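# What the coordinates show
Here is what each chain is made of, one letter per residue.
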Amino acid sequence: MVNEINFDTVIAAIEDEIGCDCEPYGGMINEEALRIPVDHLQSVIRVLRDQFGCYHLSTITAQERENQPGEVELIYHFWQGKGISLMISVPLESPQVESILSLISGADFYEREVAELYGVTFTGREETPPLLLPDNWDLGPPFIRREETDE
Amino acid sequence: MNKITIPIGPHHPLLKEPLSMKIDIAGERVLGASLRLGYVHRGIEKLALERTYVQDVHLIERICGICSHVHTTTFCLAVEALLGIEVPPRAQYIRALMCELERVHSHLLWLGILAKHVGLETVFMHTWHDRELALDIMEGVSGGRVSHAANQIGGVRFDLSEEQEAMIRENVEKLKTQVGGVLDVIENEPALRARTQGVAPVSVELIKDYCVVGPVARASGVDIDLRRDDPWPPYDQLDFKVITLPDGDAWARTLIRALETRESLRLCETIMHKMPDGPVTVRAPRKVPEGEVVTRSEAPRGEVVYYLRSNGSDKPARLKVRTPTLAVLSLLPEQLSAIHVADIPVVLAGIDLCIACADR
Amino acid sequence: MQFIKGLFFLLIFPGLSFQVVCGLAFEWIDRKLLARFQRRVGPPWYQPLADLIKLFSKEDIMPEGAYDLVETLLPLISLSAVLTAGLYIPIAGFTPFSFEGDLIVIQFLMSVPTLAYYLAGIASVGIYSLLGGGRSLLQFFSYEVPLLITISGPAVMAGSWSIAEISRSQLDQGPFIVFQPLGFILAVVGLIGKLKRDPLDIPSASSEVVGGSLTEFTGAKLGFWHLVMNIQAVVGIFLLANLYLGWSNITSPLPAIGIFVLECLAVVVVLSATSAVFARLRIDQLAGIGWKILVPLSLLQLGFVILMGV
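Residues numbered from 1 in each chain as written. Chains lettered and ligands numbered in written order. Predicted model: local features only at pLDDT ≥ 70, side-chain atom pairs only at ≥ 80, totals over all residues.

### Digging into the overall build of chain C
What counts, and what does not: Only DSSP runs of H or I covering at least 4 residues are called helices, and only runs of E covering at least 2 are called strands; the numbering of each starts at the N terminus. Between the buried cut of 20 or more and the exposed cut of 12 or fewer other C-beta atoms within 10 Å of a residue's own C-beta lies the partly exposed class, and all C-beta atoms are placed from the backbone. By the convention adopted here, residues are in contact when the distance between their C-beta atoms, placed from the backbone, does not exceed 7 Å.
Along the backbone of chain C there are 13 helices and 0 strands. Listing the helices and strands of chain C from first to last along the sequence gives α-α-α-α-α-α-α-α-α-α-α-α-α. Referenced to the eigenvectors of the C-alpha coordinate spread, the extents of chain C come out at roughly 60 × 50 × 40 Å. Here chain C, with 310 residues, has 50% of them falling under the buried criterion. Contacts spanning at least 24 positions in sequence make up 80% of the contacts within chain C whose residues lie at least 6 apart.

### A word on the overall build of chain A
Quick note on the threshold: C-alpha atoms define the radius of gyration, and 2.2 Å times the number of residues to the power 0.38 defines the globule rule.
Counting its regular elements, chain A contains 3 helices and 8 strands. Listed N to C, the secondary structure of chain A is α-β-β-β-α-β-β-β-β-α-β in terms of helices and strands. At 16 Å, chain A has a C-alpha radius of gyration in line with the 15 Å of a compact globule built from 151 residues. If you line up chain A on its principal axes, its C-alpha atoms span 55 × 30 × 25 Å.

### Observations concerning the interface of chain B and chain A
Selection rule: Each residue gets one label: Ala, Val, Leu, Ile, Met, Phe, Trp, Tyr, Cys and Pro are nonpolar, Asp, Glu, Lys and Arg are charged, and the others, such as Gly, are polar. Strands are treated as partners if at least two bridges between them are detected by DSSP.
The interface is formed by 31 residues belonging to chain B together with 31 residues belonging to chain A. For the side of chain B that touches chain A, the elements supplying multiple residues, two or more each, are α3 (68–83), α8 (204–210), β6 (291–299), β7 (302–310), β8 (316–322) and α12 (324–329) of chain B. Here the residues of the side of chain B that touches chain A are counted per class, giving 12 nonpolar, 6 polar and 13 charged. With 2 bridges joining them, strand β2 (residues 28–29) of chain A and β6 of chain B adopt parallel strand pairing. Within the sheet, the bridge partner assigned to Met28 of chain A lies in β6 of chain B and is Glu292 of chain B.

### Notes on the interface of chain B and chain C
At the junction of the two partners, chain B supplies 25 residues and chain C supplies 23 residues. For the side of chain B that touches chain C, the secondary structure elements donating two or more residues are β1 (3–8), α4 (89–118), α5 (121–142), α7 (190–196) and α14 (344–351) of chain B. Residue contributions to the side of chain B that touches chain C peak at 5 residues, all from α5 of chain B. The residue makeup of the side of chain B that touches chain C, split by class, is 14 nonpolar, 7 polar and 4 charged.

### Considerations on the packing of helix α6 (residues 127–158) of chain C against helix α13 (residues 283–309) of chain C
Residues and elements named next belong to chain C. So the rule is basically this: The convention used is that axes are lines fitted to C-alpha atoms, helices contributing only their stretch in contact, and that angles between N-to-C directions extend from 0 to 180 degrees. Orientation is classified from the angle alone, with under 35 degrees giving roughly parallel, over 145 giving roughly antiparallel, 65 to 115 giving roughly perpendicular, and any other angle giving oblique.
At a closest axis distance of 9 Å, the pairing of α6 and α13 adopts a crossing angle of 10 degrees. The orientation of α6 with respect to α13, classified from their angle, is roughly parallel. Residues of the contact of α6 with α13, tallied by class, amount to 17 nonpolar, 9 polar and 1 charged.

### As for the pairing of strand β2 (residues 20–26) of chain B
All names here are of chain B. In β2, alternate side chains face the same way, and those of Met21, Ile23 and Ile25 are buried while those of Ser20, Lys22, Asp24 and Ala26 on the opposite face are not. Relative to β2, β1 runs antiparallel, the two sharing 6 bridges. Looking across to β2, one finds that Thr5 is bridged to Asp24. Here β2 pairs with strand β3 (residues 29–36) via 7 bridges, running antiparallel. The partner of Ile23 across the bridge, within β3, is Ala33.

### What to know about the nonpolar core
Soluble, globular proteins show a tendency: their nonpolar side chains are buried together. What counts is decided by this rule: What makes a nonpolar core is a set of buried Ala, Val, Leu, Ile, Met, Phe, Trp, Tyr and Cys residues, with links drawn between C-beta atoms within 7 Å.
Of all hydrophobic cores here, the largest spans 234 residues; its most connected members are Val79 and Val212 of chain B together with Val82 and Leu240 of chain C. For Val79 of chain B, the residues in contact, after removing those within four places along its chain, are Tyr53, Ile153, Val288 and Leu308 of chain B.

### Regarding the packing of α3 of chain B against α4 of chain B
All names here are of chain B. Where we set the bar: Left-handed describes a crossing whose near helix is turned anticlockwise from the far helix through less than a right angle; right-handed describes the clockwise counterpart.
Running from amino to carboxyl end, α3 crosses α4 at an angle of 145 degrees, the nearest separation of the two axes being 8 Å. Remark: the crossing between α3 and α4 carries left-handed chirality. Residue-level inspection shows His69, Val70 and Thr73 of α3 in contact with α4, the latter providing Arg95, Met98, Cys99 and Glu102. Here the residues of the contact of α3 with α4 sort into 3 nonpolar, 2 polar and 2 charged.

### Looking at α4 of chain B
For clarity, the threshold we go by: Expected helix span is taken as 1.5 Å per residue step, with the number of steps being one fewer than the number of residues.
Across its 30 residues, α4 of chain B extends 44 Å between first and last C-alpha, which sits within 8% of the 44 Å expected from 1.5 Å per residue. Gly119 of chain B lies just past α4 of chain B and shows a positive phi near 100 degrees.

### As for the pairing of β7 of chain B
Residues and elements named next belong to chain B. Of all 9 residues in β7, 9 are buried; the element is thus mostly enclosed. Pairing analysis gives 9 bridges linking β6 to β7, with the strands arranged antiparallel. Bridging from a neighbouring strand, Ser297 pairs with Val304 of β7. Across 6 bridges, the pairing between β7 and β8 is antiparallel. Bridge assignment links Val305 to a residue of β8, and that residue is Arg322. Between β7 and β8, which follow one another and run antiparallel, lie 5 residues, and Gly312 among them has a positive phi close to 90 degrees.

### A look at the sheet that holds β1 of chain B
Residues and elements named next belong to chain B. Ordered by their spatial adjacency, 3 strands build an open sheet running β1-β2-β3, and the pairing between neighbours is antiparallel. Every interior strand has two partners, whereas the edge strands, β1 and β3, have only one. Between one strand axis and the next, the sheet turns through 20 degrees on average, direction left out of account.

### Examining the confidence of the model for chain C
Residue and element names in this part refer to chain C. Let me state the cut-off plainly: pLDDT expresses how confident the predictor is about each individual residue, on a scale running from 0 to 100.
Mean pLDDT over chain C works out to 84, with 97% of the residues at or above the 70 mark. Per-element mean pLDDT across chain C ranges from 65 in helix α10 (residues 206–209) up to 91 in helix α3 (residues 47–56). Both confidence scores are given for the complex: pTM 0.86, ipTM 0.87.

### Describing the sheet that holds β8 of chain B
Spatial ordering of the open sheet is given by β2(A)-β6(B)-β7(B)-β8(B), a layout of 4 strands whose pairing is mixed. On the outer flanks of this sheet lie β2 of chain A together with β8 of chain B, each paired with one strand and no other. The strands touched by α3 of chain B within the sheet are β2 of chain A together with β6 and β7 of chain B, with β6 of chain B carrying the most contacts at an inclination of about 150 degrees.

### Notes on the environment of Cys54 of chain A
Looking at the secondary structure, you find Cys54 of chain A in the loop between α2 (41–52) and β4 (56–63). With sequence-adjacent residues up to four places away left out, Cys54 of chain A is seen in contact with Ile5, Leu48, Arg49, Phe78, Gln80 and Ile84 of chain A.

### Some thoughts on unusual backbone geometry
Of the consecutive residues Pro233 of chain B and Pro234 of chain B, the connecting peptide bond is found in the cis state with omega at 10 degrees. The residue Pro234 of chain B is located in the loop between α10 (226–229) and α11 (250–274) in this model. Phi angles above zero are rare outside glycine, and Asp352 of chain B is one such case at about 60 degrees. Mapping Asp352 of chain B onto the fold places it in the loop between α14 and α15 (355–359). Even without a glycine there, the phi angle at Lys196 of chain C is positive, about 55 degrees. Here Lys196 of chain C shows up in the loop between α9 (181–195) and α10. Using a count of 25 C-beta atoms within 10 Å as the deciding quantity, one classes Lys196 of chain C as buried.

What follows is the structure, given as structure tokens:
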């Protein structure tokens, strides 16, 4: 049996421990979501894991929102009884995020996928070799919107 | 002893789908392994953005051949959550029935493959023969053995008639007897036990660190099953056991799926017993209002996660699929170190790979 | 006239043609039995012949770096070895070539295919071939010693090293299987190991080493290996039928043939049943079983036979 995680306690704990302002994002159905600054990603995950025993990372979603151009948003979906997501945004010109591989070994494949599909660089870990795309893929990250050229 | 690297895949008798592994061995011991996915990457996530939601249901079904129904179910649940519509109870029960039948046929398929790789071809032939009973049910109600196209946004595509319900009950009874026999063989066959017991044990800490899901996690004692812990209706009204085993070796991974098959068949009976009458679908608008949603389901191999964002049009703005095999595969290089070469098929069969799911 | 008679024995009966036909018949019976154990229909009677013809008509490809002459010679040498071995085994009491000591010669000749299999793996250069070849040699060391010790049992009991003599003496003493049931079981296990059948098909375990030594073989070369495997099986079955079941040396030919056929079928059924029922062993498990269980048991059986004779 799983102890369901309590969203309000989580926010309180994060604000206590790290003191960053994380804004709850109400737009995600079935999931509690939290916007956090990029630099605090590792510390928030540490709080979740150590204080709440929330270790299960379901996946990392990357997307570009139409109403936020020039930014790549990464959503880290965690789950403990119910889902809790952490949202961070990085600018498109220099998409760099600190890797959480040292905290969660299972994040390897998800980070590699985001790296090759969205061109995000994960710092603090060795090179992200391609996971799904072929070795000779030279057309750039396929999910990033770019000028459509007819070739 | 010299170190040599044997390639397993992309084409290999062990693998149903292409996957490239380079395994370093010295004599008969494995030193390490490295993985390369992507041979069946079809770009489903990007393709989904260019199709309408209705077309996407058919696209999503083809992510995987074995667990196609649970993928479309999770997707439809996501879209229905965004639309804010409630699926009628009879449709929920039919969806659950197909999910459980899929679990049964997937586990029997996997069991045959494991037996074949260990040299027990007889068990392989028998389990696949029994699997035909499950496939007959699915074909009888939906018209397709593996691709059922059972789901549509708003409900299911077909209803069950009286004869079909009788046929389902009869086949489930037959399957229960057959699966009981198979379970007997697994528990008592000495050679199978000798090949799998004590092989590649996985500790709970490793499971949690690699975020492994599904029967592999439950075989190591982690008590998580999304059907009970994060259910979509009707699972919250159904009573069933979640099976865990403490050892975490290949034997536990073998036994747990056989036990889960039996439990799924009992669940099928409960579903048939409790199925309410009523319509099987509601009208769903084509344009989905803006919003985002995360849905989870328990596929035969573990947790399936869908993240869907819509921007008010009839095509999705972002679809992200995470299949259970991807989570389990990250543990594979770790599992493959320090075992015998002859245990490689046992370990691979124990994780029940579905590469098409992992690659999308 | 002697020359024509000799040619007849060599090429027609009990030589080449007879053994090839028996080999194909054995393969069919085996596959059909296995299929029936597995709730399948099984192939029609002409399937093994069709497979052989198909193999001989396929293109012959070898990987770069493989030793082509060696690859061609190995299956042919093995084939001639097993065919020669078959000449000395009484078929329903009839054997034109038997001599004192032919049991030992046959054991030697029957080991030639195993060594050739190993060499084929080395000569093929591919990774899977090397692994398969290495495993076949490891397996050879595990089953050959108990097999040799066990086979000596009937020889001691009959007081002769000629198979025809051993078979004939069972008319007086009764079938040796009655006195040496353990020996029969051990001999069957040894035969399964020699033939590389399930549960001892470790060298060619398809899920681990794809095809073992024969991974890179195609066309006629593979066809010859196929024949070698089948004829080796047939010779082994004839040997076991003669050593442990005997009784086919009675004077009237028709009953003799009938009894012999029944005996051979019994051995085939035992082989197919074990093939269907057991899972494949791991090579270290086999080595353990071979030296810790099979060798002591075979010594025990031999000791018992010697004591009985005294």
